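Breakdown of the fold
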Amino acid sequence: MLDLHRLKALYAVATYGSVGAAAEALMVTPSAISQQLAKLEKETGAVLVERNGRGVKLTDAAGLLAEHAEKILALVETAEADFEALRGAVVGRLSIAAFPTAARGIFPAALKLLNEQHPDLGMLFWEREPERQIREVTRGEIDLAVVQDWLNRPMAIPEGLSRAALLDDVADIAVPAEHPLADRREISLSELPDDRWITSAPGTVCHDFLLFLVRSAGKEPDIVCMADEYPTQLALVAGGHGHALIPRLGRGVLPEGVRAIPILPRPTRRIYALWRTDAARRPAIRAAVDALRTVCGQLETTLELV
């Protein structure tokens, strides 16, 4: 009988293209993946991997088996979800990921609530960027993802995933206290002079949205500093190096010498949970979404006052 763990290792190599990448996705060592493949070769009596320079490539037999492995693993997941739904108990193991701001601003309280309400549920949590999360939840590597996109710039969601809205997070512009507009109650982007911007790295959701937003106001952003963490961006603003678009969830206490000014119209990012539709029957999925909604509902009032 084919071993599911070995099939999972083979499918991961076929999906990610290398033993190292498969090991990272499954959070094991490359040696463990190689051992699983070697055992699977003995189990099947077929050559599954061949040396290819410094790496390996899968044989035609391995490709055929990986196609079946995908179907088998999907059926196992469906069976597990159906069985958990039948029992109606929030049990088993749930793997969850969130982008950095949500990991810091939402998940400490959400995980605590889940632990209190469902002590028999085991949880594994990662911090991940949204694009990676979507790939991982689609492939079944994580059960639940918390991602973000910006109004007017929605993120493409693959078929087979379901989602639930959690929170609308408004962003303000952070400027040095000596900025000419620092004492305004609110401003429009068109009022800003052609100042320097601080934002995240190119290719990230927030970098792309800043380009879209500033260009929509008829300006071309002069990006002079790039940092992915909002506290770092705020420290750069405090140092007088430019201004930044900072969502309220990611803001925390403003450093001395920084002012946050609301913008008209309000730039808003949407935060929502994603899971595979086939796994929606799992009580653990529903419990996690309920906990996230509870925590985000409590945050809404707080963020309005920030």
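For the structure itself, consult the block above.
Everything quoted here is computed from the prediction, not taken from an experiment.

On to the nonpolar core, then. Where a protein is soluble and globular, its nonpolar side chains tend to be buried together. By size, the foremost hydrophobic cluster in this structure holds 39 residues, and its most contacted members are Trp 150, Ile 173, Leu 192, Trp 197, Leu 245 and Leu 274. Excluding anything up to four places from it in sequence, Leu 274 contacts Ile 134, Val 137, Asp 143, Leu 144, Ala 145, Val 147, Ile 157, Leu 161, Ser 162 and Arg 163. One finds Ala 98, Leu 144, Cys 296 and Leu 299 within the second-largest nonpolar core, a separate group that totals 34 residues.

Here we take up unusual backbone geometry. With an omega dihedral of -10°, the bond running from Leu 264 to Pro 265 counts as a cis peptide bond. Structurally, Pro 265 can be placed in the loop between strand S12 (263–264) and strand S13 (268–276).

Orientation of helix H1 (residues 4–16) relative to helix H3 (residues 30–44), taken along the N-to-C sense of each, is 115°, at an axis distance of 9 Å. Taken together, H1 and H3 sit at an angle that is classed as roughly perpendicular. For H1 against H3, the interelement crossing comes out left-handed. Residues His 5, Arg 6, Leu 7, Ala 9, Leu 10 and Val 13 of H1 form the contact with H3, whose participating residues are Ile 33, Gln 36, Leu 37, Lys 39, Leu 40 and Glu 43. The class makeup of the residues in the contact of H1 with H3 is seven nonpolar, two polar and three charged.

Now for the pairing of strand S10 (residues 243–247). Counting buried residues in S10 gives five out of five residues, a clear majority hidden from the surface. Covered by surrounding structure in S10 are His 243, Leu 245 and Pro 247 together with Ala 244 and Ile 246, the residues of both alternating faces. Pairing of strand S8 (residues 196–199) with S10 involves two bridges; the strand directions are parallel. Along S10, the bridge assignment pairs Trp 197 with His 243.

Here is what the cut-offs are and how they apply
Residues numbered from 1 in each chain as written. Predicted model: local features only at pLDDT ≥ 70, side-chain atom pairs only at ≥ 80, totals over all residues. Heavy atoms only, no water. Core = buried A, V, L, I, M, F, W, Y, C linked by side-chain atoms within 4.5 Å. Buried < 20%, exposed > 50% of the residue type's maximum accessible area, 1.4 Å probe, protein only. Contact = heavy atoms within 4.5 Å. Helix = DSSP H or I, 4+ residues; strand = E, 2+ residues; numbered from the N terminus. Axes fitted to C-alpha atoms, helices over the stretch in contact; angles between N-to-C directions. Parallel < 35°, antiparallel > 145°, perpendicular 65-115°, else oblique. Left-handed = near helix turned anticlockwise from the far one by under 90°. Nonpolar A, V, L, I, M, F, W, Y, C, P; charged D, E, K, R; others polar. Pairing = 2+ DSSP bridges.

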